[in-house]
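What the coordinates show
Here are the chains, one letter per residue:
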Amino acid sequence: MSGASARVDFLLTGAGQLVTADPGLGEGPLGLVERAAVAASQGTVVFAGPEAALPDLPLAAGCARVDAGGRAVLPGFVDAHTHLVFAGDRADEFAARLRGVGYEEALASGGGIHRTVRATRAMPTHELEEATAERLVRAALQGTTVLEAKSGYGLTVEDERRSLEVLAALARRTPIDIVPTFLGAHLIPAEYAHDRAGYLELLEREMLPACAPLAEFVDAFCDRGALTVAESRRVLQAGRRHGLRAKLHANELGPTGGAWLAAEQACVSADHLLYLDLAEAAALRQRGTVAVLLPGTSFLLGTGRSAPIRVLREAGVTLALGTDCNPGTCYCESMQLMIALACVHGGLTPEEAVLAATDGAARAVGRAGVAGRVAPGAACDLVVLAGRSYLDLPYHLGVNLAHEVVKRGRVVARDGVPLGLLEAPPPPPATPSPSPPPGTA
Ligand SMILES: [Zn+2]
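Parameters at a glance
Within any chain, residue numbers begin from 1 and follow the written order of that chain's sequence. Confidence filtering applies because this is a predicted model: local features only for residues at pLDDT of at least 70, side-chain atom pairs given and counted only at 80 or more, and all residues used for totals across whole chains, interfaces and linings. Side-chain metrics rest on all non-hydrogen atoms present in the structure, leaving aside hydrogens and water. Both cavities and pockets are sets of points on a 1 Å grid over the protein atoms alone; in a cavity a 1.4 Å probe fits but cannot get out, in a pocket the set is open with protein on both sides within 12 Å along at least five of seven lines, and lining residues sit with an atom within 4 Å of a point. Grid points are joined across faces, edges and corners, and a volume is the space filled by probe spheres set on the points. A run of H or I in DSSP becomes a helix once it reaches four residues, and a run of E becomes a strand once it reaches two; helices and strands are each numbered from the N terminus. When residues are sorted by character, Ala, Val, Leu, Ile, Met, Phe, Trp, Tyr, Cys and Pro go into the nonpolar class, Asp, Glu, Lys and Arg into the charged class, and all the rest, Gly among them, into the polar class. Excluding water, the donors of a metal are its N, O and S neighbours within 2.8 Å, or within 3.2 Å for Na, K and Ca, and that exclusion means sites may look incomplete. Nonpolar cores are built from buried Ala, Val, Leu, Ile, Met, Phe, Trp, Tyr and Cys residues. Side-chain atoms within 4.5 Å join them into one set. When accessible area is computed with a 1.4 Å probe and restricted to protein chains, residues below 20% of their type maximum are described as buried, those above 50% as exposed, and intermediate ones as partly exposed. Throughout, the arc means that of the directions going from the helix axis to the C-beta atoms. In this description, contact between two residues means that some pair of their heavy atoms is separated by no more than 4.5 Å. In the analysis that follows, any N or O atom pair within 3.5 Å is treated as a polar contact, provided that within protein one partner can donate a hydrogen and the other can accept it, and provided that, for residues neighboring in sequence, both atoms belong to side chains. Each axis is a line fitted through C-alpha atoms, and for a helix only the stretch in contact is used; angles between axes span 0 to 180 degrees, taken between their N-to-C directions. Angles below 35 degrees are treated as roughly parallel, those above 145 as roughly antiparallel, those between 65 and 115 as roughly perpendicular, and all remaining angles as oblique. For salt bridges, the criterion is a side-chain nitrogen of Lys or Arg within 4 Å of an Asp or Glu carboxyl oxygen. Strand pairing follows a simple DSSP-based rule, namely that at least 2 bridges must link the two strands. Classification of ring pairs rests on two measures: the distance between centres of Phe, Tyr or Trp rings, Trp counted by its six-membered ring, which must be within 6.5 Å, and the angle between planes, read as stacked under 30 degrees, edge-to-face over 60 and tilted in between. Two conditions define a charge sitting above a ring: the NZ of Lys or the CZ of Arg must be within 6 Å of the ring centre, and it must be within 35 degrees of the ring normal.

What to know about the layout of surface pockets
By volume, the largest pocket amounts to about 280 Å³. Every residue lining the largest pocket is counted, 17 residues in all, and those nearest its centre are Val-317, Thr-318, Leu-319, Glu-352 and Leu-355. Residue assignment for the lining of the largest pocket shows that the elements contributing at least two residues are helix 11 (309–315) and helix 13 (350–364). A total of seven residues in the lining of the largest pocket trace back to one element, the largest contributor, which is helix 13. When grouped by side-chain class, the residues that make up the lining of the largest pocket number eight nonpolar, three polar and six charged.

A few points about empty space enclosed by the protein
Enumeration over the complete set of coordinates arrives at two cavities of 30 Å³ or more. One number sums up the size of the largest cavity: a volume of about 100 Å³. Tyr-103, Ile-113, His-186, Asn-326 and Thr-329 are, among the 13 residues lining the largest cavity, the residues nearest its centre. In terms of residue class, the lining of the largest cavity is built from four nonpolar, six polar and three charged. In this structure, the second largest cavity spans a volume of roughly 70 Å³. Every residue along the wall of the second largest cavity is listed here: Leu-293, Leu-294, Pro-295, Ser-298, Ser-306, Ala-307, Ala-342, His-345, Gly-346 and Leu-348.

Regarding the coordination of the zinc ion
Around the zinc ion, the protein contributes the donor atoms His-81 (NE2), His-83 (NE2) and His-249 (NE2), which lie 1.9 to 2.1 Å from the metal centre. Along the chain, the residues donating to the zinc ion are arranged with the sequence spacing H-x1-H-x165-H. Here the residue His-83 occupies a position in the loop between strand 6 (77–79) and helix 1 (91–98), and His-249 occupies one in strand 10 (residues 245–250), the gap between them amounting to 166 residues.

A closer look at the nonpolar core
Buried together is how nonpolar side chains tend to be arranged in soluble globular proteins. If you look at the biggest cluster of nonpolar residues, it comprises 106 residues, and the most contacted ones within it are Phe-182, Leu-248 and Leu-321. In terms of nonpolar packing, the next biggest core, distinct from the first, is built from 19 residues, Phe-10, Leu-12, Leu-18 and Val-66 among them.

So, helix 9 (residues 278–286)
Buried residues of helix 9: Glu-280, Ala-281, Ala-283 and Leu-284, and no others. In a view along the axis of helix 9, the buried residues occupy a sector of 160°, so they form one face of it. If you follow the buried residues of helix 9, they end up packed against helix 8 (258–264), strand 11 (269–272) and helix 11. Between a side-chain oxygen at the N-terminus of helix 9 and the backbone nitrogen of Ala-279 the separation is 3.2 Å; the capping residue is Asp-277. Of the residues trailing helix 9, Gly-288 is marked for its positive phi of about 70°.

Focus: the packing of helix 6 (residues 196–211) against helix 7 (residues 229–241)
Their axes nearest at 10 Å, the elements helix 6 and helix 7 cross at an angle of 10°. Classified by the angle between their axes, helix 6 and helix 7 sit roughly parallel to one another. On helix 7, the residues touching Arg-196, Ala-197, Leu-200, Glu-201, Leu-203, Glu-204 and Leu-208 of helix 6 are Glu-231, Arg-234, Val-235, Ala-238, Gly-239 and Arg-241. Each residue belonging to the contact of helix 6 with helix 7 can be placed in one class, and the counts come to six nonpolar, one polar and six charged.

Describing the side chain of Thr-13
Checked against the element boundaries, Thr-13 lands in strand 1 (residues 8–19). Setting aside anything within four residues of it in sequence, one finds Thr-13 in contact with Ala-36, Ala-37, Glu-51, Val-66, Asp-67, Ala-68 and Gly-69.

Focus on unusual backbone geometry
We note that Leu-273 has phi near 55°; this positive angle belongs to a residue other than glycine. With respect to the helices, strands and loops of the structure, Leu-273 is situated in the loop between strand 11 and helix 9. Leu-273 sits in the buried class, given a relative accessible area of 0%. Positive phi is not limited to glycine here, since Arg-408 has a value of about 45°. Position of Arg-408 relative to the elements: it lies in the loop between strand 15 (402–407) and strand 16 (410–414).

Observations concerning the pattern of salt bridges
Taken as a whole and judged by the stated rule, the model has 26 salt bridges. Put simply, Arg-90 and Glu-93 hold a salt bridge, and the shortest N to O gap is 3.1 Å. Given the relative accessible area of 13%, Glu-93 is considered buried. Here Glu-129 makes a salt bridge to Arg-173, at a shortest N to O gap of 2.6 Å. Placement of Glu-129 in helix 4 (residues 125–141) and of Arg-173 in the loop between helix 5 (157–171) and strand 8 (177–185) is noted, with a sequence separation of 44 residues between them. Judged by relative accessible area, Arg-173 falls into the buried class, the value being 5%.

Thoughts on the pairing of strand 5 (residues 72–75)
Pairing of strand 1 with strand 5 involves two bridges; the strand directions are parallel. Each residue of the ladder has a partner; that of Gln-17, found in strand 5, is Ala-72. Two strands pair when backbone bridges link them, and strand 5 and strand 14 (residues 382–385) are joined in this way by three bridges, in the antiparallel orientation. By the bridge assignment, Val-73 is partnered in strand 14 with Val-384.

Looking at the packing of aromatic side chains
The tally for this structure, following the rule as stated, stands at three aromatic pairs. Centroid distance Phe-86 to Tyr-153: 6.3 Å. Interplanar angle 75°. Geometry classified as edge-to-face. Here Phe-86 is found in the loop between strand 6 and helix 1, whereas its partner Tyr-153 is found in the loop between strand 7 (144–150) and helix 5, with 67 residues between them in sequence. With respect to burial, Phe-86 and Tyr-153 carry one shared label: buried. For the pair Phe-86 and Tyr-331, a centre-to-centre distance of 5.7 Å together with 75° between the ring planes defines the contact as edge-to-face. Of the two residues, Phe-86 sits in the loop between strand 6 and helix 1 while Tyr-331 sits in the loop between strand 13 (319–321) and helix 12 (335–344), which places them 245 residues apart along the sequence. Residue Phe-86 is classed as buried on the basis of its relative accessible area, which comes to 1%. Note on Tyr-331: relative accessible area 46%, which makes it partly exposed. Pairwise contacts between aromatic rings join Phe-86, Tyr-153 and Tyr-331 into one cluster. Cation over ring: Arg-135 sits above Phe-86, and NZ or CZ is 3.5 Å from the ring centre. Across from the ring centre of Phe-217, 4.9 Å away, lies the NZ or CZ of Lys-247, which sits over that ring.

Distances and angles like these do not, on their own, reveal function.
This is the structure:
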């Protein structure tokens, strides 16, 4: 207990299998506990362990009780990488890719990210917020309780700031934790195609001062057809001067030096990493950089390539998972599906995948020990699965396996139905009357 006065206001019993993601609390890498209970006070776990060892804790009046009925219970999923704020869709490009038109071809001909940038700039803010909210709710219904989300489809000072404001507005309406990332360096926008340095100048001088107060991380798309290593380095360094921590899209489309840059800049995470050798992986490990694997994207790009799991394993790099939810290469909000794809397509073991979707992803978004674990001191974020084992996640496909989702000690979804997941947007501010009516205080 964190103090004699803390009263338990959430108590879960009857977990047939509890994944604590804390090896100190249970068996194996997932810290498994059988016949387990979880108690929380004011949103924070105060006990996680065998039900038989549950201490006699003082219960608050109206304490929320959950009987897991023998089901498996896991930490809420942490989605370490999304591009949640966007307008429009690119289903036609997806279909063209199925017919053999490459992703880089579409990008080079003004489609791809450029097209989403045009659609996002054109969408009114309230519509952009609601479109983003719908994706956030779909993610949460599938068990995501912490989610990183990037700007990057604005690429002007106003539109990048607007994307981050949409995330801030949503954060006020939902208990789900949103980790905002500034990705003004997603691409050099079309209007700066012949003045790349001019765009980076704008990013440094105007965009970062406007956006950094609304973000935790700075990110850059360092790859073929996007930013070079030198350009990305400049962006990360500038972001850090504004108090942001660094992430990097690295080595997705080719062995472009992004992984080396991520290590050099001691990025919190390097994401994608489809092309990675042992020396690069060792450098990431040495700098404590987490590898964020995005198996949905590698699966849907259809190249058959996924991040080299043997290399990552051999180097001992911490693994994380994300959906990469975006309109171009992976339109998916489900961390459950990512766990499955990480196993069947990416070569991870179920234990590696579940750990990467919880504790590993929490590390990748600066929430180590706070999220992604069911342990004293961590947020009481849980997924009660429909089945009795975490193995159902890669095994039982195509259905939502989240029976109940708990955020900070409160049930926020049950069998796919949201329970206070999202408040209505605040009404628009009333137009002030020119002069107050007389006699009112
Ligand atoms: Zn991305």
